[in-house]
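This is what each chain is made of:
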Amino acid sequence: ITCLDISSGGGLGVSTSTDGTMKIWQAANGEIRRLLEGHVYDVNCCRFFPSGLVVLSGGMDAQLKIWSAEDASCVVTFKGHKGGILDTAIVDRGRNVLSCSRDGTARLWDCGKSACLGVIADCGSPVNGIAVGTADNSLNLGTPEKAPSKDLSLKIHLHSPVPNCLGVGLQSRQPVFLFIGSDAFNCCTFLSSTYILAGTQDGNIYQLDVRNTNAPIQVIHRSGAPVLSLLPYRDGFIASQGDGTCFIVQQDLDYVLDLTEADCDPVYKAASWEKQIYTCCRDGIVRRYQLSDL
């Protein structure tokens, strides 16, 4: 299982696999509700739209798909990338979505028109992770060529082409900041309009202030295993690594709660709903952790 997500209401989960399929399941007991078939080769990423009724996916077939979680139908297929899609992001309620690919590009899509609005960035190397967030008011997002859409005017798009962490204004498509890390970046996320996290192949988690990325606020390093996923959680975040560790960092990023220990089986993704944490790895099992039990 390469990726998973939990719906906004916590009732449903979705997971993707190297067998080319996706599954919708009951989050409470793992009962399979729907099988989503249509991608060719590995399905790399998935996420629910805020409604919890629609799913976005991307695969090694370079296709981006939107699915109904209710009847398993594929509503839209986006084509345009020349390489496998590695990550996605949803803008606000889902009028627009973002994708990044092995082809070195990040693209913005209009779901209603089923069309690509343009290449947001062309990096010349695989873009491993992508995130979108509302920018701090003090940040200069560049000047758009056209009048900004209400949905996109304050948005900053964060992605991680090897080996950089790059912020781009969604409307202007101009670089806002660039941070060069110790190794290739695998994932990135927003903690707030000011702070972001980015994880590298050599095990570093960088906390950055988007207003000044000349130096990180701090660097968290627990092992040399690749950081595979980062997820905001309460007043901190959840991280998973290639050595099988998954942990929660909270209380001003100085308290760590270990969910798993190193067991050499990578934890590819973590998702959460209230006090429940879900993880997936290559053994094909989704694991659920109840924080009240730990």
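Every value quoted in this text rests on a predicted model; they were computed, and no experiment measured them. (Residues numbered from 1 in each chain as written. Predicted model: local features only at pLDDT ≥ 70, side-chain atom pairs only at ≥ 80, totals over all residues. Heavy atoms only, no water.)

1. A look at the overall build of the protein chain
Right, on to step 1. The number of helices and strands found in the protein chain is zero helices and 27 strands.
Right, on to step 2. Rg of the C-alpha trace for the protein chain: 18 Å, near the compact-globule value of 19 Å for 294 residues, within the 12% margin.
Right, on to step 3. Across its three principal axes, the protein chain shows a C-alpha extent of roughly 50 × 45 × 30 Å.
Right, on to step 4. Going through the 294 residues of the protein chain one by one, you find that 56% of them count as buried.
Right, on to step 5. A separation threshold of at least 6 residues defines the contact pool for the protein chain, and within that pool the share at least 24 residues apart is 40%.
Right, on to step 6. On the protein chain, roughly 12,700 Å² of surface is accessible, and the fraction owed to carbon and sulfur atoms is 46%. (Helix = DSSP H or I, 4+ residues; strand = E, 2+ residues; numbered from the N terminus. Rg over C-alpha atoms; globule rule 2.2 N^0.38 Å. Buried < 20%, exposed > 50% of the residue type's maximum accessible area, 1.4 Å probe, protein only. Contact = heavy atoms within 4.5 Å. Areas by Shrake-Rupley, 256 points an atom, 1.4 Å probe, with all protein chains shown as cover.)

2. Regarding the UniProt feature "repeat: WD" (unreviewed entry) in the protein chain
Right, on to step 1. Residues annotated in UniProt with the feature "repeat: WD" (unreviewed entry) correspond here to residues 1–35, 36–77 and 78–110.
Right, on to step 2. Note that residues 36–77 is 0% helix and 57% strand, and that its end C-alpha atoms are spaced 13 Å apart. (UniProt positions renumbered as here; feature names shortened; annotations may be inferred.)

3. Some points on the sheet that holds strand β23 (residues 246–250)
Right, on to step 1. An order of β21-β22-β23-β24 is seen for the four strands of this open sheet, with the pairing classed as antiparallel. Of all strands in the sheet, those bounded by a partner on one side alone are β21 (227–233) and β24 (255–260). When strand polarity is set aside, the average angle formed by the axes of neighbouring strands in this sheet is 20°.
Right, on to step 2. Where β23 meets β24, five bridges bridge the pair, whose relative direction is antiparallel. (Pairing = 2+ DSSP bridges. Axes fitted to C-alpha atoms, helices over the stretch in contact; angles between N-to-C directions.)

4. Let's talk about the state of the cysteines
Right, on to step 1. Applying the stated criterion across every chain, the model contains zero disulfides.
Right, on to step 2. With no disulfide of its own, Cys123 has Cys100 as its nearest cysteine by sulfur position, at a separation of 9.3 Å.
Right, on to step 3. With no disulfide of its own, Cys165 lies 5.6 Å from the sulfur of Cys188, the closest cysteine sulfur. (Disulfide = S-S within 2.5 Å.)

5. Here we look at the sheet that holds strand β19 (residues 204–209)
Right, on to step 1. Taken in spatial order, the four strands of this open sheet run β17-β18-β19-β20, and their pairing is antiparallel. With one partner strand each, in any of the chains shown, β17 (185–190) and β20 (218–221) form the two edges of the open sheet. Averaged over all pairs of adjacent strands, the angle between their axes in this sheet comes to 20°, without regard to strand direction.
Right, on to step 2. As defined by bridge partners, strand β18 (residues 195–200) adjoins β19 across five bridges and the pair is classed as antiparallel. By the bridge assignment for β19, Gly199 is matched with Ile205.

6. Looking at the side chain of Ser7
Right, on to step 1. Mapped onto the elements, Ser7 comes out in the loop between β1 (3–6) and β2 (12–16).
Right, on to step 2. By relative accessible area, which is 7% here, Ser7 ends up buried.
Right, on to step 3. Ignoring any residue separated from it by four or fewer positions in sequence, one finds Ser7 in contact with Leu12, Phe48, Gly52 and Trp273.

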